[in-house]
Number of protein chains: 2
Amino acid sequence: MSKGLEFETLNENVKKVQYAVRGELYLRASELQKEGKKIIFTNVGNPHALGQKPLTFPRQVVALCQAPFLLDDPNVELLFPADVIARAKHYLSLTSGGLGAYSDSRGLPGIRKEVAEFIGRRDGYPSDPELIFLTDGASKGVMQILNATIRGESDGILVPVPQYPLYSATISLCGGSLVPYYLEETANWGLDVNQLRQSVSKARSNGITIRAMVIINPGNPTGQCLSVANLREILHFCYQEKLVLLGDEVYQQNIYQDARPFISARKTLLDMGPPMSQEVQLVSFHTVSKGYWGECGQRGGYFEMTNIPPKVVDEIYKVASISLSPNVPGQIFSSHLGLTRQPVSGAMYSFPQIRLPPKAIEAAKRAGKVPDVFYCLKLLEATGISTVPGSGFGQKEGVFHLRTTILPAEEDMPAIMESFKKFNDEFMEQYEDHRGYSRM
Amino acid sequence: MSKGLEFETLNENVKKVQYAVRGELYLRASELQKEGKKIIFTNVGNPHALGQKPLTFPRQVVALCQAPFLLDDPNVELLFPADVIARAKHYLSLTSGGLGAYSDSRGLPGIRKEVAEFIGRRDGYPSDPELIFLTDGASKGVMQILNATIRGESDGILVPVPQYPLYSATISLCGGSLVPYYLEETANWGLDVNQLRQSVSKARSNGITIRAMVIINPGNPTGQCLSVANLREILHFCYQEKLVLLGDEVYQQNIYQDARPFISARKTLLDMGPPMSQEVQLVSFHTVSKGYWGECGQRGGYFEMTNIPPKVVDEIYKVASISLSPNVPGQIFSSHLGLTRQPVSGAMYSFPQIRLPPKAIEAAKRAGKVPDVFYCLKLLEATGISTVPGSGFGQKEGVFHLRTTILPAEEDMPAIMESFKKFNDEFMEQYEDHRGYSRM
């Protein structure tokens, strides 16, 4: 008879989870940091940890909501501008009991209404607050929807490769099957629907029922925006195959100003008209952790459901109720999603290919490491730069990448790049393959 | 071929979940509220929603942490006392990037250290911050541990009846089996270990492997504290049966001053000495939602692990990493768990028995309702008082209860009780059984 919580008796799905963003590289980086080494964390898009300052207005508003007794202080206007005071009073009026009271499990109705207004302005189609659920960050929303969807290992979820490991990890945790479709590096990480069909046929021949398709738009780790034409193809594919489309759109405010604009899956779908606009099931995710805000630590986000049957919405509501409510301060941040209008300088990530010489691949094998993990560990030890190996996101056989955020302060970038280049030169030199090079 | 997200194709475990605290009664109460009826929500322990004021000090500290730029304002001392300013600077120094940066997935190391110090002072035994995980409220921690434990329907979790429906709902969601043990109403809701052994034998004869045992101490919905003798019996039972004990101790600061004091399961275990103190596996849960704080909306909490193998801790850490980090403002509140020392006036809940006359039970059956749900719905419609039927917590066959929080403001209580009594008298009159009475 084994004990309650032994490794051997853990839920097998828990053991199967792979989570590269905070995996071996992150743990080693944390160890080195404890030993006193200066580490540059580029493994998670965490802009405030790398020096980005929070936007003043929403922080002032939340500070006042946390300390509502200050509203009665005669000096309050010395520290808080009038528009902040008005906004804080507005949010407090939407709560029953301030930030310390549980809200409805879907979030405060008044905040959901404001999120719906943001979506309506963005897409040109009104959005229903009753179909918006506020969440502790977008990840929690993705986990709720995948958990509701997946019945067992013969349920498959189409996921782009490379992908953000939230999807592979959550699908493992829910006991489902990840069905990969490959984005084309040579075509600016675009999506080829023929290739998608092949992935589906192959999975079906293995007894998999495809339930849902994930798109990450703009892409993580790749940074690209899907074209409207491509989105229409995807929606048509979901219509034909009766799949729910999970639109991870958390980077919608993180695009280069001169690049292809972001168009939401919802707008594209509603533009297509009936029958598609009334039948294709869509769940769209967004967060305050990205975009102008970068408010990762606040854990605010939402998902919005389109064409999901009311009985299913009820079930998702019921499960959300078990943990009572999303954090209320994070909900206040979520309502600011539509308020701020500064331009953003660029995407958060870079996903360069690394060409590893055969001797490096051999050395990695001897060390019992995946080759790009081997490279990233060496990079970390030599320079303190903490990245994520491409294998954590998925990549084609024999091709290697690493993901780094491009968030460190601008003035630090030249030194970081210099240190990176020096390491790479020495690594290539060491493994004596002078044809090897990195695109970094 | 069915669509992606139809009721018919949902994860069966999701459909099985019952969650009474926000179930039929809550939904009906929300409808009535929308229609303009004044509702007194006593269904969830949500003190701020019922008028409890937040403690000033932690709110001031968090407000300053949210608006750290105020620390540079020459007027800051007009609104914030010096000790608040010092404390806010201290917490900001524990973060890397303030409240807007993801923390480690277990929470900020500096906050975990302070929580460990609180536990150490409480129990007289030092606590290891590496074995403390901060969570978005205690419920999320319970869900993480049960998810890691349960492999399938033949894994059983011992849960007290009556219980808080978080446990039944989460066990359903994870696909496991709830094995009930009954608390004795006639013995002040105490726990009889012989009765526990019978529950275990019966479950085993049905092919169930018992993995863990839940205790809720002080009890929810019943309010009692377990005696040290009873705790020792329980720990000895877990030792013999090799079960992990899940100690839900979220009401540890909610006890009547003249009642039996709260003693933690951890202190009791460590007092017992080896081999038990080194072998019995224990996970203890706590939260800022209860106690002096009642800071439900902030979603702060933690669990602490005792005698859990490092490999298991690593797996739990890995899964926590998928959602990146608990909300950081809630972590600040968690570190205040040990700081505040006001006495508390009483427990949060009352769980009176209701004697339903046979004709009321028949009327309930005709309406397709469980009898206590029928009673609580009638109560809601007549008075606006929203309670939770005892069937949501579990109760013996033929015995009915309801749970109400005793949180409404003291000056409102006489009117609420009057309204309740009037309803009950009329209900009993209507069902023509003049022997029927309520203990309320």
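The structure presented is a predicted model; accordingly, all values stated were derived computationally and were not measured.

K.L.:
Which residues make up the relation of the copies chain B and chain A, and what values go with them?
P.N.:
Take chain B, turn it by 180°, move it 0.0 Å along the axis, and it overlays chain A with an RMSD of 0.0 Å. Overall, the copies show the geometry of a two-fold rotation axis. Proximity to the rotation axis, assessed at the C-alpha, singles out Ala63 of chain B in chain B; its C-alpha lies 2.0 Å from the axis. Comparing interface residues between copies, 100% of those in chain B also lie at the interface in chain A; the contact surface is shared.

K.L.:
Just give me the short version of the packing of helix H9 (residues 193-205) of chain A against helix H10 (residues 228-241) of chain A, but keep the residues and values in it.
P.N.:
Residues and elements named next belong to chain A. For the pair H9 and H10, interaxial distance at closest approach is 11 Å and the crossing angle is 25°. Comparing the axis directions of H9 and H10 gives the class roughly parallel. Along this stretch, H9 crosses H10, giving a crossing that reads as right-handed. Along its contact with H9, which presents Val193, Leu196, Arg197, Val200 and Arg204, the element H10 presents Glu233, Phe237, Gln240 and Glu241. Of the residues assigned to the contact of H9 with H10, the class counts are four nonpolar, one polar and four charged.

K.L.:
Tell me what's going on with the pairing of strand S8 (residues 301-306) of chain B, and back it up with residues and numbers.
P.N.:
All names here are of chain B. The buried count for S8 comes to six of six residues, which makes it a mostly enclosed element. Here S8 shows no split at all, with Gly301, Phe303 and Met305 on one side and Tyr302, Glu304 and Thr306 on the other all buried. Bridge count for strand S2 (residues 132-135) against S8 is four bridges, and the pairing is antiparallel. Looking at S8, one finds that Leu134 is bridged to Tyr302.

K.L.:
Let's hear about helix H16 (residues 371-383) of chain A: which residues, and what values?
P.N.:
Residues and elements named next belong to chain A. Under the 1.5 Å per step criterion, the end-to-end length of H16 is 18 Å for 13 residues, consistent within 8% with the ideal 18 Å. Where H16 is concerned, the buried positions are Pro371, Asp372, Val373, Phe374, Tyr375, Cys376, Leu377, Leu379, Leu380 and Thr383. Phi turns positive, to about 80°, at Gly384, one or two residues after H16.

K.L.:
With reference to specific residues and values, describe unusual backbone geometry.
P.N.:
Of the consecutive residues Asn217 of chain A and Pro218 of chain A, the connecting peptide bond is found in the cis state with omega at -5°. In this fold, Pro218 of chain A is placed in the loop between strand S5 (209-216) and H10. In this structure, Pro162 of chain B follows Val161 of chain B across a cis peptide bond, with omega equal to 0°. You can see Pro162 of chain B is positioned in the loop between strand S3 (155-161) and helix H8 (165-173). Even without a glycine there, the phi angle at Arg299 of chain A is positive, about 55°. Look at Arg299 of chain A and you get buried, because its relative accessible area is 2%.

K.L.:
Can you break down the nonpolar core residue by residue, with the values?
P.N.:
In terms of nonpolar packing, the biggest core is built from 153 residues, with Leu158, Met213 and Val283 of chain A together with Leu158, Met213 and Val283 of chain B touching the most fellow members. If we skip the residues at most four places from it in the chain, Val283 of chain B touches Leu5 of chain A together with Ile145, Val244, Leu245, Leu246, Gly247, Phe303, Glu304, Met305 and Ile308 of chain B. The next biggest cluster of nonpolar side chains, apart from the first, holds 68 residues, and it includes Ala88 and Leu337 of chain A together with Ile85 and Ile111 of chain B.

K.L.:
Describe the packing of aromatic side chains, and please don't skip the residues or the numbers.
P.N.:
One pass over the structure, following the stated rule, counts 20 aromatic pairs over all chains. For the ring pair Tyr375 of chain A and Phe427 of chain A, a centre distance of 4.9 Å and an interplane angle of 75° mean the geometry is edge-to-face. Of this pair, Tyr375 of chain A sits in helix H16 while Phe427 of chain A sits in helix H17 (residues 413-430), and the two are 52 residues apart along the sequence. By the burial criterion, Tyr375 of chain A is buried, and Phe427 of chain A matches it. Chaining the aromatic ring pairs together yields one cluster made of Phe374, Tyr375, Phe423, Phe427 and Tyr431 of chain A. Note that Lys311 of chain A overlies the ring of Phe7 of chain B, its terminal NZ or CZ placed 4.1 Å from the centroid. In this structure, Lys15 of chain B packs its charged tip against the face of Phe7 of chain B, placed 4.7 Å from the ring centre.

K.L.:
I'd like a rundown of the sheet that holds strand S7 (residues 282-287) of chain A, residues and numbers included.
P.N.:
Residue and element names in this part refer to chain A. Within the open sheet, the seven strands sit side by side as S2-S8-S7-S6-S5-S3-S4. Their pairing is mixed. In the strand order of this sheet, the two ends are held by strand S2 (132-135) and strand S4 (177-182), each with one partner. Here the strands of the sheet are splayed against their neighbours by 20° on average, with no regard to which way each runs. As paired elements, strand S6 (residues 244-248) and S7 share four bridges and run parallel to each other. Counted as the bridge partner of Leu246 is Val283 from S7. Along the sheet, H9 contacts strand S3 (155-161), S4 and S5; its crossing angle with S4, the most-contacted strand, is approximately 150°.

K.L.:
Can you break down the domain arrangement of chain A residue by residue, with the values?
P.N.:
By convention, interface size is frequently given as the accessible area that disappears when the constituent parts associate. Residue and element names in this part refer to chain A. Per the domain assignment, the segments making up chain A are domain 1 (7-45 + 348-430) and domain 2 (98-338). Each side of the interface is counted separately: domain 1 has 23 residues, and domain 2 has 24 residues. Of the roughly 1700 Å² buried where domain 1 meets domain 2, counting both sides, 58% is carbon and sulfur surface. Joining domain 1 to domain 2, the criterion identifies one salt bridge. Glu184 is the partner of Lys396 in a salt bridge, and the nearest nitrogen-oxygen pair spans 3.2 Å. Where domain 1 packs against domain 2, one counts one residue pair in polar contact (both at pLDDT 80 or more). When residues of the side of domain 1 that touches domain 2 are traced back to their parent elements, those giving at least two are helix H1 (12-16), strand S9 (349-350) and strand S13 (400-405).

K.L.:
Explain the interface of chain B and chain A to me, using residue names and the numbers behind them.
P.N.:
Counting residues at the interface gives 100 residues for chain B, matched by 100 residues for chain A. Looking only at chain B, the three residues that lose the most surface to chain A are Leu5, Tyr102 and Ile322 of chain B, adding up to 10% of its buried area. On the surface where chain B and chain A come into contact, there are four salt bridges. A salt bridge links Glu130 of chain A to Lys34 of chain B; its shortest N-O distance comes to 4.0 Å. The tally of links between chain B and chain A comes to 41 residue pairs in polar contact (both at pLDDT 80 or more). Ranked by residues supplied to the side of chain B that touches chain A, first place goes to helix H13 (residues 310-322) of chain B with eight residues.

K.L.:
Account for the confidence of the model for chain A, with residues named and values stated.
P.N.:
Residues and elements named next belong to chain A. On average, chain A scores 88 in pLDDT, and the residues at 70 or more come to 93%. Every residue in residues 341-346 scores below 50 in pLDDT, and together they form twelve contacts with partners more than four places removed in sequence or on other chains. Scored below 50 in pLDDT, residues 436-440 shows eleven contacts in the model against residues more than four places distant or in partner chains.

Cut-offs applied
Residues numbered from 1 in each chain as written. Chains lettered and ligands numbered in written order. Predicted model: local features only at pLDDT ≥ 70, side-chain atom pairs only at ≥ 80, totals over all residues. Heavy atoms only, no water. Least-squares fit on C-alpha atoms with pLDDT ≥ 70 in both. Contact = heavy atoms within 4.5 Å. Axes fitted to C-alpha atoms, helices over the stretch in contact; angles between N-to-C directions. Helix = DSSP H or I, 4+ residues; strand = E, 2+ residues; numbered from the N terminus. Parallel < 35°, antiparallel > 145°, perpendicular 65-115°, else oblique. Left-handed = near helix turned anticlockwise from the far one by under 90°. Nonpolar A, V, L, I, M, F, W, Y, C, P; charged D, E, K, R; others polar. Buried < 20%, exposed > 50% of the residue type's maximum accessible area, 1.4 Å probe, protein only. Pairing = 2+ DSSP bridges. Expected span 1.5 Å × (residues − 1). Core = buried A, V, L, I, M, F, W, Y, C linked by side-chain atoms within 4.5 Å. Phe/Tyr/Trp six-rings, centres within 6.5 Å; stacked < 30°, edge-to-face > 60°. Lys NZ or Arg CZ within 6 Å of the ring centre and 35° of its normal. Domains from an automatic or database assignment. Buried area = accessible area lost by both parts, 1.4 Å probe. Salt bridge = Lys/Arg side-chain N within 4 Å of Asp/Glu carboxyl O. Polar contact = N/O pair within 3.5 Å; in protein donor to acceptor, adjacent residues only side chain to side chain. pLDDT = per-residue confidence, 0-100.

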